[in-house]
Amino acid sequence: MASVFTTEGEGLGKFLGVKPINASEEDLESLKKVLDSKVSDCVKTLKIKRVLGSWCIVCGSIPTQIASYDYNGATKIERYCDSCVEKQFGRSEQ
Ligand SMILES: [Zn+2]
């Protein structure tokens, strides 16, 4: 999985940057509560989907950052957790 990004290229979107996932404190709080509780994985999964949209595309854990790419005007986003975003993009820009 070599995803060292090239800035532009056919089929590869233009990298727009990484920013924190846009979820309200409230949502994150309630997500945390659900994850700490004893509900079934299915419920947790639904909750993650509702609050964060999806999982870290690398390791499948709870994402905190969104990387976006521009594909000829269409924006594609990928979610990453803290450690994967670091591995993928480094820490240069916050
Ligand atoms: Zn990850």
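Residues numbered from 1 in each chain as written. Predicted model: local features only at pLDDT ≥ 70, side-chain atom pairs only at ≥ 80, totals over all residues.

Visitor: What should I look at first to understand the overall build of the protein in this one?
Guide: Secondary structure summary: the protein contains 3 helices and 3 strands in total. Secondary structure elements in the protein, listed N-terminal to C-terminal, are β-α-α-β-β-α. Expressed as a percentage of the 94 residues in the protein, the buried residues total 13%. Restricting the contact set of the protein to residue pairs at least 6 apart, pairs at least 24 apart contribute 45%. (Helix = DSSP H or I, 4+ residues; strand = E, 2+ residues; numbered from the N terminus. Buried ≥ 20, exposed ≤ 12 C-beta atoms within 10 Å, placed from the backbone. Contact = placed C-beta atoms within 7 Å.)

Visitor: How should I be thinking about the nonpolar core in this particular structure?
Guide: Within soluble globular proteins, side chains that are nonpolar tend to cluster in buried spots. Of all hydrophobic cores here, the largest spans 8 residues; its members are Val18, Cys56, Ile66, Ala67, Tyr80, Cys81, Cys84 and Val85. Where this core is concerned, the elements lending two or more residues are β2 (65-71) and α3 (82-89). (Core = buried A, V, L, I, M, F, W, Y, C linked by C-beta atoms within 7 Å.)

Visitor: What exactly am I supposed to notice about the pairing of strand β3 (residues 74-80) here?
Guide: Consecutive side chains of a regular strand alternate in pointing toward one face of the sheet and then the other. Inspection of the sheet shows β2 paired to β3 by 7 bridges, in the antiparallel sense. Among the inter-strand pairings, glutamine 65 is bridged to a residue of β3, identified as tyrosine 80. (Pairing = 2+ DSSP bridges.)

Visitor: Help me understand unusual backbone geometry in this model?
Guide: Negative phi characterises most residues that are not glycine, and trans characterises most peptide bonds. One non-glycine residue with positive phi stands out, namely asparagine 72, at about 45°. Since 6 C-beta atoms lie within 10 Å of it, asparagine 72 is described here as exposed.

Visitor: I'm lost on the sheet that holds β2 in this one. Help?
Guide: Across a sheet, paired strands are connected by hydrogen bonds in the backbone, their directions being either parallel or antiparallel. Spatially, 3 strands are ordered β1-β2-β3 in an open sheet, and the strand pairing comes out antiparallel. In the strand order of this sheet, the two ends are held by β1 (14-20) and β3, each with one partner. Within this sheet the neighbouring strands show an average axis-to-axis angle of 25°, counted without direction. Pairing analysis gives 6 bridges linking β1 to β2, with the strands arranged antiparallel. Considered in β2, the bridge of glycine 17 is made with serine 68. Most of the contacts of α3 go to β3, to which it runs at about 120°, and overall it touches β1, β2 and β3. (Axes fitted to C-alpha atoms, helices over the stretch in contact; angles between N-to-C directions.)

Visitor: Where do I start with the packing of helix α1 (residues 25-36) against helix α2 (residues 41-52) in this structure?
Guide: Two numbers describe a pair of packed helices, the interaxial angle and the distance between the axes. Where α1 contacts α2, the two axes come as close as 10 Å, and the packing angle between them is 165°. On the basis of their axis angle, the class for α1 and α2 is roughly antiparallel. Crossing handedness for the pair α1 and α2: left-handed. Touching Asp27, Leu28, Leu31, Val34 and Leu35 of α1 are Val43, Lys44, Lys47, Ile48 and Val51, all from α2. Tallied by class, the residues present in the contact of α1 with α2 amount to 7 nonpolar, no polar and 3 charged. (Parallel < 35°, antiparallel > 145°, perpendicular 65-115°, else oblique. Left-handed = near helix turned anticlockwise from the far one by under 90°. Nonpolar A, V, L, I, M, F, W, Y, C, P; charged D, E, K, R; others polar.)

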